[in-house]
Amino acid sequence: MKKPFGIIVAILIVGVAAYAGTAYWLGQQAERWYQDSLAEIPNNPNIKLSITRYQRGVFSSQAETRVQIILPQNQDSGSSDQVDPSFTIRQEIYHGPLPLAGWGVPGVPMVWTGAIVRDTLDVNSSAWTRALARWYGNQEPMLSISQIGFDGTANSHITMPPLKLDQLEDLQSLAFSGLDGQFQISPHNTAIQGQMTVSSLEVVGKPAESGTDQADKFGKINLRDFSMTVNQRKGAFDLMFGESDVKIAELRGEDQQAAPLFSIENLSITGNASQSSPQQIASEATFAVDKFTVGKESGKGSMRVALRQLDGPTMGKIEQWGKKTNDPFEDPLALNELLTLMKALLPGKPEVLLDTQATLTQGEWRSQLTLNFQDPGVIDLIQNPMSVLGILEKGLADINVSKPLLEAMLTGLIKQQLLTQLKDQGQAVDESAVQAIAQQQVEQQLQELVAAHFIRLEGDRYLSTARFEGGKLSVNDQEIPLTPPAFDEENMDGEAMPMEPDGGILQEEQLLPDPNGGEEVIEIETMPQESDDSAQEQPSSPEQKPSAPQGASKEGTSKP
């Protein structure tokens, strides 16, 4: 009996030792996987990840990772008023092949795997995490359980529990349905795919106190069915290719009187990047909304931006440049490096496409812009400023817009400018009078543009087509000179060149009714009008100055 018993004990000891050894080795592997995963995360100059603590044991390990978020400095209010969004994540790493050290720990499964990593927020790491801990009470605000396979593949499940609070600081109520995300990440972050969803979020602000400006306080914001999907993989030039999208079924905002401020239904943002040839890549992004309402305006629309024929190796260098640069406009060397990289894209003849369309209450809008670039060689901005146009090989722009829509858009812009001008002058004017003047100016300016063939009016639609090719620009098949005409001093007869007002803007006096009676005179900036040859043949009115007789000098001309 003693001999078999001793054999069994020996086997158990060997088994426990083997398990402990395997767990310790997997603990070393888990530490290496963890460090590699942080190193492989796409760098961002404004987000820094660092391991502040890593304590490895035989069956489990503990780690802390600091997520340092660098916000741009607010020079007006000062950075001292800004809340630091940085925080710390705590990791409990349970070694495989069976994570027995995590037995009974919430969320830790007993499965055959390399390791189980349990991530939680360090609630004492920042002001906002402490507030989040108060809101959730005895619940963990965030939990992530990652199952690390023996090959380094990670399957992560991220959750935030539902939250419902009343009388929360500046909020009357907050209702959050919770967050759920599932992601699969390949070893060395060579591929990632998954989805994250939020069913609903409602935030209600407290009513403004009597006597205070209610415009500074929002009423209510509703979000419904938010989802984010990603499916990307690392390919050539060390770039990530694939698709990603964000969708929102509904987003609404109300003011303090429960009047709608805006609403968006079925918003989608989709991005895609792919390798179009052995040396080139292409990417595009599409923004689309089925219905939007802002104030009295409503409609639907979409915008698509596409970049094609981009040199892959150069784009890889540009991505690396972005990872190490905080603010290129404050670093002349970094900005010069970026310009050099951008110029390196030109030999591949990149193409940019912008396509927009919208259907609004007043009509429809359609536009398309295509730009094809090339390498012009040497660009001398000092001796020949026009040489920069050599970058553009050809371009095409098409605009098709309903007449009521364009007139309404321009009238609204000019009306707002006039109201701002009157407000700065301290004048109170009836808005209907300003509306009439704005409509008059828009009608006049559009007529001038049609007469100059810059736009065409066909039925109830304004059309315009602009082309650039071979260094020449044409609008509606009418060539537009890109350089000013040569200055001929001999034909000026010693007279000074007539100068137009600063910025080419004329000051025009308009009479507007005063609500208190009488009339007020304001100066309104208008576009300069072209001279009419037929007007020179009209007889001068008694109020006009008579022209000087032919051959008379300026000194000999008498005043009327």
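The structure presented is a predicted model; accordingly, all values stated were derived computationally and were not measured.

Colleague: Any chance you could break down the overall build of the chain for me, citing the residues and the numbers?
Modeller: Across its full length, the chain carries 6 helices and 24 strands. Across the 560 residues that make up the chain, the buried fraction comes to 29%. Considering only contacts within the chain whose residues lie at least 6 apart along the sequence, 52% involve residues at least 24 apart. Total accessible area on the chain is roughly 35400 Å²; 55% of this is exposed by carbon and sulfur atoms.

Colleague: Could you give an account of the nonpolar core, with specific residues and numbers?
Modeller: If you look at the biggest cluster of nonpolar residues, it comprises 19 residues, and the most contacted ones within it are Leu163, Leu174 and Phe176. Looking at this core, the elements with two or more residues in it are strand S3 (87-95), helix H2 (127-136), strand S7 (163-168), strand S8 (171-176), strand S9 (179-185) and strand S10 (191-205). Counting 14 residues, the second-largest nonpolar core is a separate cluster that includes Val401, Leu406, Ala438 and Ile455.

Colleague: So, the packing of helix H3 (residues 312-324) against helix H4 (residues 332-344): which residues are in play, and what are the values?
Modeller: Two packed helices can be described by the angle between their axes and the distance between those axes. Here H3 crosses H4 at 165 degrees, and the two axes come no closer than 9 Å. By the angle class used here, H3 and H4 are roughly antiparallel. You can see that H3 and H4 cross each other, and the crossing is left-handed. Contact residues: Thr314, Lys317, Ile318, Trp321 and Lys324 in H3; Ala334, Glu337, Leu338, Leu341, Met342 and Ala344 in H4. Its residues placed into classes, the contact of H3 with H4 shows 7 nonpolar, 1 polar and 3 charged.

Colleague: Help me get a handle on H3, residues and values and all.
Modeller: Along its 13 residues, H3 runs 19 Å from first to last C-alpha, staying within 8% of the 18 Å computed at 1.5 Å per residue. All of the buried residues along H3 are Gly312, Thr314, Gly316, Ile318, Trp321 and Lys323.

Colleague: Outline the side chain of Thr113, supporting the account with residue identities and numerical values.
Modeller: Relative to the elements of secondary structure, Thr113 occurs in the loop between S3 and strand S4 (115-121). Residue Thr113 is classed as buried on the basis of its relative accessible area, which comes to 2%. In terms of polar contacts, Thr113 uses its side chain to reach the backbone carbonyl oxygen of Ile148, at 2.6 Å.

Colleague: Any details on the pattern of salt bridges? Residues and values, ideally.
Modeller: Enumeration over the complete set of coordinates arrives at 18 salt bridges. A salt bridge links Arg304 to Glu284, with the nearest nitrogen and oxygen atoms 3.5 Å apart. You can see Arg304 sitting in strand S15 (residues 297-311) and its partner Glu284 sitting in strand S14 (residues 280-294), a full 20 residues away along the chain. Owing to a relative accessible area of 32%, Glu284 belongs among the partly exposed residues under this scheme.

Colleague: Talk me through the pairing of S3; I want residue IDs and the actual numbers.
Modeller: Where burial is concerned, most of S3 is hidden: 7 out of the 9 residues are buried. Sheet topology places S3 next to S4; 7 bridges connect them, and they run antiparallel. Looking across to S4, one finds that Glu92 is bridged to Arg118.

Colleague: Explain helix H6 (residues 431-451) residue by residue, including any values.
Modeller: Its 21 residues give H6 an end-to-end C-alpha distance of 30 Å, which sits within 8% of 30 Å, the value for a rise of 1.5 Å per residue. If you check which residues of H6 are buried, you get Ala433, Val434, Ile437, Ala438, Gln441, Val442 and Leu446. Where H6 ends, the next residue or the one after it, His453, has phi of about 65 degrees, a positive value.

Colleague: Outline the packing of aromatic side chains, listing residues and values.
Modeller: Given two aromatic rings, their pairing is described by the distance between the two centres and the angle made by the two planes. Tallied over the full model, the rule gives 1 aromatic pair. Ring geometry for Phe87 versus Trp128: centroids 5.5 Å apart, planes at 80 degrees, classification edge-to-face. Residue Phe87 is found in strand S3, and its partner Trp128 is found in helix H2; the two are separated by 41 residues along the sequence.

Colleague: So what's going on with the packing of helix H5 (residues 403-424) against H6? Residues and values would help.
Modeller: Where H5 contacts H6, the axes come no closer than 8 Å and their chain directions differ by 130 degrees. Comparing their axes, H6 and H5 come out oblique. In this structure, H5 meets H6 at a crossing whose hand is right-handed. Taken together, the residues of H6 that come into contact with H5 (itself represented by Leu406, Glu407, Leu410, Thr411, Ile414, Lys415, Leu418, Leu419 and Leu422) are Glu431, Val434, Gln435, Ile437, Ala438, Gln439, Gln441, Val442, Gln445 and Leu446. Residues of the contact of H5 with H6, tallied by class, amount to 11 nonpolar, 5 polar and 3 charged.

Colleague: A description of a nonpolar patch on the surface should follow, citing residues and the corresponding values.
Modeller: A surface patch of nonpolar side chains, about 460 Å² in accessible area, is lined by Ile269, Phe287, Met303, Val305, Leu307, Leu354 and Leu369. The element best represented in the nonpolar patch is S15, accounting for 3 residues. Here Leu307 is to be found in strand S15.

Colleague: Talk me through the environment of Ile89; I want residue IDs and the actual numbers.
Modeller: With respect to the helices and strands, the residue Ile89 is situated in strand S3. On the basis of relative accessibility, which here comes to 18%, the residue Ile89 falls in the buried class. In this structure the C-alpha to C-alpha distance between Ile89 and Met142, which are 53 residues apart in sequence, comes to 9.9 Å. Setting aside residues no more than four positions away along its own chain, Ile89 makes contact with Ala63, Glu64, Thr65, Val67, Asp119 and Thr120.

Colleague: Talk me through the confidence of the model for the chain; I want residue IDs and the actual numbers.
Modeller: This prediction gives the chain a mean pLDDT of 79; 76% of its residues lie at or above 70. Between residues 5-12, whose pLDDT stays under 50, and residues either more than four places distant or in other chains, the model counts 0 contacts. Here residues 75-79 is a poorly scored stretch, pLDDT under 50, and it has 2 contacts once near neighbours within four places are set aside; other chains count.

Colleague: Mind laying out the environment of Leu179, listing which residues take part and the relevant values?
Modeller: Within the fold, Leu179 resides in strand S9. For the pair Leu179 and Ser199, spaced 20 residues apart in sequence, the C-alpha to C-alpha distance is 7.7 Å. The contacts of Leu179, once residues within four sequence positions are left out, are Ile158, Thr159, Met160, Met196, Thr197 and Val198.

Colleague: Please give an account of unusual backbone geometry that cites residues and values.
Modeller: Note the cis peptide between Gly96 and Pro97, where omega equals 5 degrees. One can find Pro97 in the loop between S3 and S4. Of note, Lys349 is a non-glycine position whose phi angle comes to about 55 degrees, a positive value. Summarising the element assignment, Lys349 is placed in the loop between H4 and strand S16 (351-360).

The rules behind these values
Residues numbered from 1 in each chain as written. Predicted model: local features only at pLDDT ≥ 70, side-chain atom pairs only at ≥ 80, totals over all residues. Heavy atoms only, no water. Helix = DSSP H or I, 4+ residues; strand = E, 2+ residues; numbered from the N terminus. Buried < 20%, exposed > 50% of the residue type's maximum accessible area, 1.4 Å probe, protein only. Contact = heavy atoms within 4.5 Å. Areas by Shrake-Rupley, 256 points an atom, 1.4 Å probe, with all protein chains shown as cover. Core = buried A, V, L, I, M, F, W, Y, C linked by side-chain atoms within 4.5 Å. Axes fitted to C-alpha atoms, helices over the stretch in contact; angles between N-to-C directions. Parallel < 35°, antiparallel > 145°, perpendicular 65-115°, else oblique. Left-handed = near helix turned anticlockwise from the far one by under 90°. Nonpolar A, V, L, I, M, F, W, Y, C, P; charged D, E, K, R; others polar. Expected span 1.5 Å × (residues − 1). Polar contact = N/O pair within 3.5 Å; in protein donor to acceptor, adjacent residues only side chain to side chain. Salt bridge = Lys/Arg side-chain N within 4 Å of Asp/Glu carboxyl O. Pairing = 2+ DSSP bridges. Phe/Tyr/Trp six-rings, centres within 6.5 Å; stacked < 30°, edge-to-face > 60°. Patch = residues over 30% accessible without salt bridge, like charges linked within 9 Å, V, L, I, M, F, W, Y side chains within 5 Å. pLDDT = per-residue confidence, 0-100.

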